[in-house]
Amino acid sequence: MSTSAMPESALPDPGGPPSPRTRMTPRSILVWSAVALAGATGWAVLALSRGEEISAVWLVVAALGSYAIAYRFYSRFIARRVLQLDDTRATPAERLEDGVDYHPTDKRVLFGHHFAAIAGAGPLVGPVLAAQMGYLPGTIWIIVGVIFAGAVQDMIVLFLSMRRDGKSLGQMARDEIGKVGGVAALIGVFAIMIILLAVLAMVVVNALAESAWGTFSVSMTIPIALFMGFYLRYLRPGRVVETSVIGVALLLLAILGGGWIQDSSLAEYFVWSPETLVFCLVGYGFVASVLPVWMLLAPRDYLSTFMKVGTIALMAVGVVIAAPVLKAEPVTEFASTGAGPVFAGSLFPFLFITIACGALSGFHALVSSGTTPKLIQKESQVRMIGYGSMLTESFVAVMALIAACVLEPGLFYAMNSPGALLGPTVESASEAVKNLGFTITPDQLTEAAKAVEEETLVGRSGGAPTLAVGMSEIFAGVLGGAGMKAFWYHFAIMFEALFILTTVDAGTRVGRFMLQDMLGNVWKPIGRVTWKPGVWITSALVVGAWGYFLYAGVTDPLGGIKQLFPLFGIANQLLAAVALAVTTTLLIKHGKLRWAWVTGIPLAWDVAVTFTAGWQKIFSDNPAIGFFALREKYAQAIEDGQLLPGATTMDDMHTIVLNNTVDGVLMAVFLLLVLTVLVNCAVVCVRAVRAPEPLPTTEAPYVESRIDVPEQSAEPLVGARS
Amino acid sequence: MTALIRTRATRTMQTVRWYLRELTGEAEYDRYCERHRRHHPQAPVPTRREYEVLRTLRREEHPQSRCC
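This text gives an overview of the structure that appears in the document. Residue indices follow the written sequence of each chain, beginning from 1 at its first position. Chain A is the first chain written and ligand 1 is the first ligand written, with later ones labelled in order. In keeping with the model being predicted, local features are shown solely for residues with a pLDDT of at least 70 and side-chain atom pairs are shown and tallied solely at 80 or more, while totals for entire chains, interfaces and linings include all residues. With hydrogens and water stripped out, all remaining heavy atoms of the structure feed into the side-chain values.

## Focus on the overall build of chain A
Every helix listed is a DSSP run of H or I at least four residues long, and every strand listed is a run of E at least two residues long, numbered separately from the N terminus. Tallying secondary structure elements over chain A gives 28 helices and 0 strands in all. Here the radius of gyration uses the C-alpha set of atoms, whereas the globule reference equals 2.2 Å times the residue count to the power 0.38. Relative to the compact-globule value of 27 Å for 722 residues, chain A shows a C-alpha radius of gyration of 25 Å, a close match. Each principal axis of the C-alpha atoms in chain A carries an extent, and together these give about 70 × 60 × 55 Å. Residue contacts are counted whenever heavy atoms from the two residues lie within 4.5 Å of one another. Put simply, of all contacts in chain A between residues at least 6 apart along the chain, 83% involve residues at least 24 apart. The charge count treats Lys and Arg as positive and Asp and Glu as negative. His and the chain ends do not count. The atom standing in for a charge is NZ when the residue is Lys, CZ when it is Arg, CG when it is Asp and CD when it is Glu. One finds the centroid of the 46 positive side-chain charges in chain A at a distance of 12 Å from the centroid of its 52 negative side-chain charges.

As structure tokens, then:
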């Protein structure tokens, strides 16, 4: 029996080899005109409706129409003209095939791999917070950003790494730009990763604190993963699909079990304070980093992948079937005043750093220059895997934005404003929301919390609870009605926590390897991966670093998400600046100055955004925005012996001063590191433009491909037997 | 008619199974064996259990980052 008759792929067509220009047939002209018209209609409805509520379906239509057009035309232009993808050229997967690191992989499978590696909690959190400015600015940035910046970055980094046998971004920077830029990039990547892990972990803490149901079901993922690990190792080696199905079933049971625990006398054992959760997470991160991967990390990864794909599909179906109405305004006044309670600062630049993943994410450059380039079968597939995966992630971000915007604005602000503003009770929160210009009664707040069986929803910032309430609203409209709301809420919390813990596991481990690599240059033994004390010390250092920021964020009297999320967003976008600078430099070195704008324009935009935001965070004299201005204000009050809003004790005042000093210094360090890379890139670009002939690059020489992959591969690859 | 539907259904199931096995790396062992037989026809092929130990050991040393 063979699986030779694969059905037509549901994924977009990769466009084929760079053949001479093809004329469009009348039929395809008709189809694409229809797609363009649909997308334009979606945009028109979004743009022109003022005052009336519109259906979220229009947002989906605008997004999908734009993605289709961008994929068909812009990504093809990049593939053919800019990168000149060549299917007669052997990819590293073919040339260096070793059955382990390098082997040609079916493009649909690789698409799945790559998507699972790039998509996580990021695109779910940013858009939710950005809903503070209304749905329109966020939607425009997510869609336009991905088409011209995010997907372009992913695709071109993937291409450049593939032409260099799968080198990492850091290696490419060192080899092609220079030592200084390379070292700055390396340190930058490490520091950015630490902040990223801390902020993501903080989202989990905020979602689980004081919730017996959530804490129980999320902590059950650890025994479930351990069980799967042992099952895979000793009972049924290698049966991953079977094990994952069992794991997902257990996971759903754990969610149901959480509801039971919540109502039982055991509940009190699972109601943990944020500080306790921080210590649990830090301990967990350390253990996960030193345990063998088969026990915890690998099975968790399988679980997470299955849940990811399943839930995202469910969300898409839910949004289309339930067709919820957007309750948020298209553009709120916070977009212009910059005085929003969720994050401070005006639309430019702060919207563009709040929504990082989903529009442009520098972290993807690390994934695109990791495993994926070593597995590509044919060059033309870079388009579907690089550009296509990122479009899909962007769609996830659009759905997260929808989930946040179907909530009553009053509830949104009651959940996402900092605790200092809201006060402790539903009455005080209701009052605070009223001062912001929205309405929600104390009864409505109690009712909303009861519907999802949580103690309270007031001040549940971090994005995850808001997304979960929005998703439960949408899902309950499709399946189960109001009675299922609590289940769907905790389902959403669980799957977000699962993503994040997987990122924390993997990130801590990757961070540990980076640190071992760096410290190994100074002291040899610590670089050895097999030397246990070295592993423990470096693991503890990495966990300690993100644990510090996590603890500082969780205990921050002014609200950790509000303080640290901008740092995270700026860091991620700065990484994108590094990636785009390296790609632009490489395009120029390859003699493609003519096409350098393809990455040059997104680079210029990204640099403008990140440096403006960073500058304001450091030098703004508005204490709501500038770290040092806020520090100054509180330091002054300490001298005067006063307590300022947000602080209840003098210790709180000192904490605020310390946190803002650390955040401000860190911000400055990030900017300087990236500036170093940018200057170095500019020098190399000028040299490349002036040189009479192209500068040498480390691109692997042309070797003719011997494998032949038909346009829609009719059969699976070698080894994929039935 | 029913026969046609059944063939269709079987095919779809096969495709789903193929995709999941590829995506999770379950199919890697088959590929490994095939390769092993080609390159070392004399040496015995490792068992699935042995292969999985090797595979996780590799994963131990090559962590893959997951994005946010």
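## Side note on the overall build of chain B
Secondary structure summary: chain B contains 3 helices and 0 strands in total. Mapped in sequence order, the helices and strands of chain B form the string α-α-α. Relative to the globule expectation of 11 Å for 68 residues, the C-alpha radius of gyration of chain B, 17 Å, shows a markedly less compact shape. Projected onto its principal axes, the C-alpha positions of chain B cover 50 × 45 × 20 Å. Working definition: with a 1.4 Å probe on protein chains only, accessible area under 20% of the residue-type maximum means buried, over 50% means exposed, and in between means partly exposed. Per-residue burial over chain B gives 40% buried out of 68 residues.

## Quick word on the interface of chain A and chain B
Accessible area lost when the parts come together is the quantity often used to give the size of an interface. Contact residues are listed per partner, giving 64 residues for chain A and 33 residues for chain B. What counts as buried area is the accessible surface, traced by a 1.4 Å probe, that two parts surrender upon association, with contributions from both included. Interface area, chain A with chain B, both sides summed: about 4400 Å², of which 59% is carbon and sulfur. We define a salt bridge as a side-chain nitrogen of Lys or Arg found within 4 Å of a carboxyl oxygen belonging to Asp or Glu. On the surface where chain A and chain B come into contact, there are 4 salt bridges. When the shortest N-O distance is used, the salt bridge between A:Asp101 and B:Arg58 registers 2.6 Å. Contacts described as polar in this section are N or O atom pairs within 3.5 Å, which, within protein, must combine one atom able to donate a hydrogen with one able to accept it, while residues neighboring in sequence count only if both atoms come from side chains. Counting the contacts that link chain A with chain B gives 14 residue pairs in polar contact (both at pLDDT 80 or more). When contributions to the side of chain A that touches chain B are tallied by element, the ones reaching two or more residues are α4 (107-118), α5 (122-130), α8 (179-208), α9 (212-235), α10 (240-263), α12 (297-322), α15 (363-368) and α22 (485-520) of chain A. Of the residues forming the side of chain A that touches chain B, the biggest block, 7 residues, is contributed by α4(A).

## Quick word on the pattern of salt bridges
For the structure shown, the criterion picks out 26 salt bridges over all chains. Salt bridges here are not isolated pairs; linked through shared partners, they connect A:Arg89, A:Arg163, A:Glu379 and A:Glu699.

## Thoughts on unusual backbone geometry
What you tend to see is this: most non-glycine residues have negative phi, and most peptide bonds are trans. Residues and elements named next belong to chain A. Pro-349 follows Phe-348 through a cis peptide bond whose omega is 5 degrees. Within the secondary structure, Pro-349 is located in helix α14 (residues 347-354). Positive phi values are uncommon outside glycine, yet Ala-323 reaches one of about 40 degrees. When you line up the elements, Ala-323 lands in the loop between α12 and α13 (334-337). A residue is classified by how much of its surface remains accessible, and Ala-323, at 28% relative accessible area, is partly exposed.

## Concerning helix α19 (residues 426-436) of chain A
All names here are of chain A. Within the span of α19, buried status applies to Ala-429, Ser-430, Ala-432, Val-433 and Leu-436. Projected onto a plane normal to the axis of α19, the buried residues spread over an arc of 165 degrees and lie on a single side. Pointing more than 90 degrees away from the buried face of α19 are the exposed residues Lys-434 and Asn-435. Summarising the geometry, the arc corresponds to the directions from the helix axis toward the C-beta atoms.

## Points about helix α28 (residues 650-690) of chain A
In this scheme, a helix's expected span is set at 1.5 Å multiplied by one less than its residue total. For α28(A), built from 41 residues, the straight-helix expectation of 60 Å at 1.5 Å per residue is met to within 8% by its first-to-last C-alpha distance of 60 Å. A distance of 3.4 Å separates the backbone nitrogen of A:Asp651 from a side-chain oxygen at the start of α28(A), and that oxygen is part of A:Thr649.

## Topic: the side chain of A:Gln573
Residue and element names in this part refer to chain A. Residue position: Gln-573 is located in helix α25 (residues 560-589). Of the polar contacts made by the side chain of Gln-573, one reaches the backbone oxygen of Phe-352; its length is 2.9 Å. In this structure Gln-573 touches Trp-141, Phe-352, Ile-353, Ile-355, Ala-356, Leu-360, Ser-361, Asp-606 and Thr-610, once residues within four positions along its chain are discounted.

## Details of the packing of aromatic side chains
All names here are of chain A. Pairing of aromatic side chains requires ring centres within 6.5 Å, counting the rings of Phe and Tyr and the six-membered ring of Trp. Pairs whose planes differ by under 30 degrees are stacked, by over 60 edge-to-face, and all others tilted. Tallied over the entire structure, the rule returns 37 aromatic pairs over all chains. Ring plane angle 45 degrees and centroid distance 5.8 Å describe the contact between Phe-279 and Tyr-551, whose orientation is recorded as tilted. Of this pair, Phe-279 sits in helix α11 (residues 274-290) while Tyr-551 sits in helix α24 (residues 532-555), and the two are 272 residues apart along the sequence. The exposed category is assigned to Phe-279, whose relative accessible area is 55%.

## So, the nonpolar core
Residue and element names in this part refer to chain A. Throughout this description, the term nonpolar core refers to a set of buried Ala, Val, Leu, Ile, Met, Phe, Trp, Tyr and Cys residues connected via side-chain atoms within 4.5 Å. Among the nonpolar cores identified, the biggest contains 219 residues, and Tyr-387, Ile-402 and Trp-546 are the most heavily contacted of them. The element that contributes the greatest number of residues to this core is α8, accounting for 20 residues. Other than its neighbours up to four places away in sequence, Tyr-387 contacts Ala-70, Tyr-71, Tyr-74, Ser-75, Ile-147, Ala-151, Val-152, Met-155 and Val-382. Counting residues in hydrophobic clusters, the runner-up holds 9 residues, among them Leu-558, Leu-630, Tyr-634 and Ala-647.

## Looking at the environment of A:Leu675
Following the sequence through the fold, A:Leu675 ends up in helix α28. Residues A:Leu675 and A:Ala288, spaced 387 residues apart in sequence, show a C-alpha to C-alpha distance of 35 Å.

## Here's the deal with the side chain of A:Asp556
Residues and elements named next belong to chain A. Structurally, the position occupied by Asp-556 is in the loop between α24 and α25. One polar contact links the side chain of Asp-556 to the main-chain amide nitrogen of Leu-558, over a distance of 2.8 Å. Not counting residues up to four positions away in its chain, the partners in contact with Asp-556 are Gln-563 and Asn-659.

## Regarding the packing of helix α1 (residues 26-48) of chain A against helix α2 (residues 57-82) of chain A
Geometrically, a packed helix pair is captured by the angle between its two axes and the distance between the axes. All names here are of chain A. Here an angle of 0 to 180 degrees is reported between the N-to-C directions of two axes, which are lines fitted to C-alpha atoms, with helices fitted over the stretch in contact. Where α1 meets α2, the closest approach of the two axes is 7 Å, and the angle between their N-to-C directions is 140 degrees. Regarding the angle of α1 to α2, the classification is oblique. When you trace α1 past α2, the crossing you get is left-handed. Contacts between α1 and α2 involve Trp-32, Val-35, Ala-36, Ala-38, Gly-39, Thr-41, Gly-42, Trp-43, Val-45 and Leu-46 on the former and, on the latter, Trp-58, Leu-59, Val-61, Ala-62, Gly-65, Ser-66, Ala-68, Ile-69, Arg-72 and Phe-73. Angle categories are assigned with fixed cut-offs, so that under 35 degrees is roughly parallel, over 145 is roughly antiparallel, 65 to 115 is roughly perpendicular, and the rest are oblique. Crossing handedness: left-handed means the near helix sits turned counterclockwise from the far one by under a right angle, and right-handed means the same turn made clockwise.

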